[in-house]
Amino acid sequence: MVFANTIGKYQLGRTIGEGTFARVKLALDSTNGKYVAIKILDKHMVVETNLTNQVQREIRTMKLLNHPNIVRIHEVLGTKTKST
Ligand SMILES: Nc1ncnc2c1ncn2[C@@H]1O[C@H](COP(=O)(O)OP(=O)(O)OP(=O)(O)O)[C@@H](O)[C@H]1O
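This structure is a prediction, so every number in the text was calculated from the model and none was measured.

**Quick notes on the nonpolar core**
Reasoning step 1: Core analysis: the largest hydrophobic core is formed by seven residues, namely Ile 7, Tyr 10, Leu 12, Ala 27, Val 36, Ile 38 and Ile 40.
Reasoning step 2: For this core, the secondary-structure elements that each account for two or more residues are strand S2 (10–18) and strand S4 (34–41).
Reasoning step 3: Here this core gets three residues from one element, more than from any other, and that element is S4.
Reasoning step 4: Look past the residues within four positions of Ile 38 in its chain and what remains in contact with it is Tyr 10, Leu 12, Arg 23, Val 24, Lys 25 and Ala 27.

Okay, structure coming up:
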C-alpha cells in the first residue's frame, strides 16, 4: 500500500467511505502495525453549518460506547493542515 500522508502516528491509505462532512480513510498505526479507519472532518463546513456542538456530542457519545458490534473511538486529533 502507498501512504501519501500522515496524521500523527497514522499513515493514511485509500479512502474507504465518505459522509456529508467527512472522509474516512484506511490508516496504519505506525506504533503497532494495526490498521484503523480514520475519519477526517471538514472543520470549516462543520463550523459554517453550526454543527460543532453536534460533532462534539457524537464524539462524547462514541467514547462512552463499548460493544463488539459498535465502532470504537481510539483517539481524536486536531490538525492545522488539510488532508487529501
Ligand atoms: N470505522 C469504519 N470502518 C469502515 N468504514 C467506515 C467506518 N466509519 C465510516 N466508514 C465508511 O465511511 C462512510 C462515511 O462515514 P461517516 O461517518 O462520515 O458518514 P455517515 O454517518 O455514513 O453519513 P453522514 O455523516 O452523511 O450522516 C460510511 O458510510 C462508511 O462507508
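**Looking at the pairing of S2**
Reasoning step 1: When strand S1 (residues 5–7) meets S2, the two strands line up antiparallel, connected through three bridges. Directly across from Asn 5, in S2, lies its bridge partner Leu 12.
Reasoning step 2: Following S1, the chain reverses through two residues before pairing antiparallel with S2; Gly 8 in that reversal takes a positive phi of roughly 55 degrees.
Reasoning step 3: Pairing analysis gives six bridges linking S2 to strand S3 (residues 22–29), with the strands arranged antiparallel. By the bridge assignment, Thr 15 is partnered in S3 with Lys 25.
Reasoning step 4: The turn linking S2 back onto S3 is made up of three residues.

Rules used throughout
Residues numbered from 1 in each chain as written. Predicted model: local features only at pLDDT ≥ 70, side-chain atom pairs only at ≥ 80, totals over all residues. Heavy atoms only, no water. Core = buried A, V, L, I, M, F, W, Y, C linked by side-chain atoms within 4.5 Å. Buried < 20%, exposed > 50% of the residue type's maximum accessible area, 1.4 Å probe, protein only. Helix = DSSP H or I, 4+ residues; strand = E, 2+ residues; numbered from the N terminus. Contact = heavy atoms within 4.5 Å. Pairing = 2+ DSSP bridges.

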